[in-house]
Amino acid sequence: MRDLANLVRAARERCGPRPFFAVGERVLAGAEFAARVEAVAAGLIARGLRPGDRVAVLLERSLDEPIALLAAAVAGGIAVPVNGKLRDEQIRHVLEDSAPAFVVTSGVRLLAL
């Protein structure tokens, strides 16, 4: 996913401190957005993510959700977005069916899982 990694770096270089990405009232500058994506990607790799591993992302709609999805791909994984509006039974089915190596979620959702 070198092309995607290059796009993330381009956000840093082109936008720097200027607003780049927003969800609701929360806004991230290009440099901060890129740094967060790269940090999460590095964390996944450090925890053992291998190219082609699936990474389920179960987060509320927030800045963290697209960051985690991009980070999974930048790290070489396959991002599996899981809609947080699904019922627990449906989420369980998605996770069983996709067999992710990692699940990125919040503490609240983790307790429900």
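Right above here is the structure, for reference.
Keep in mind it's a predicted model, so treat the numbers as computed, not measured. (Residues numbered from 1 in each chain as written. Predicted model: local features only at pLDDT ≥ 70, side-chain atom pairs only at ≥ 80, totals over all residues. Heavy atoms only, no water.)

Draft legend 1. Here's a closer look at the sheet that holds strand β5 (residues 102-105). What the three strands build is an open sheet, ordered β4-β3-β5; its pairing is parallel. At either end of the open sheet lies a strand with only one pairing partner, and these are β4 (78-81) and β5. Sheet twist, expressed as the mean angle between neighbouring strand axes with direction ignored, is 25 degrees. The sheet contact formed by strand β3 (residues 54-58) and β5 spans four bridges and is parallel. Along β5, the bridge assignment pairs L58 with T105. In the packing of helix α3 (residues 64-74) onto the sheet, contacts are made with β3, β4 and β5, and the angle to β3 comes to roughly 180 degrees. (Pairing = 2+ DSSP bridges. Helix = DSSP H or I, 4+ residues; strand = E, 2+ residues; numbered from the N terminus. Axes fitted to C-alpha atoms, helices over the stretch in contact; angles between N-to-C directions. Contact = heavy atoms within 4.5 Å.)

Draft legend 2. Representation of the pairing of strand β1 (residues 19-23). Note that β1 and strand β2 (residues 26-29) share four bridges and pair antiparallel. In the strand pairing of β2, P19 is matched with A29. Counted along the chain from β1 to the antiparallel partner β2, the turn is two residues long, and its residue G24 has a positive phi close to 60 degrees.

Draft legend 3. Local environment of the environment of A11. Its place among the elements puts A11 in helix α1 (residues 2-15). What makes A11 buried here is its relative accessible area of 5%. Remark: the alpha-carbon pair of A11 and H93, spanning 82 residues in sequence, is separated by 36 Å. Dropping the residues within four chain positions of it, A11 is found in contact with G16, F20, G30 and A31. (Buried < 20%, exposed > 50% of the residue type's maximum accessible area, 1.4 Å probe, protein only.)

Draft legend 4. Examining the pattern of salt bridges more closely. A full pass over the atoms with the stated rule returns five salt bridges. A salt bridge links D53 to R50, with the shortest nitrogen-to-oxygen separation between them at 3.6 Å. The class of D53 is buried, set by a relative accessible area of 12%. Note that E65 and R61 form a salt bridge whose closest N and O atoms lie 2.6 Å from each other. The exposure class of E65 is buried, given its relative accessible area of 10%. (Salt bridge = Lys/Arg side-chain N within 4 Å of Asp/Glu carboxyl O.)

Purely spatial values, then, with no claim about function.
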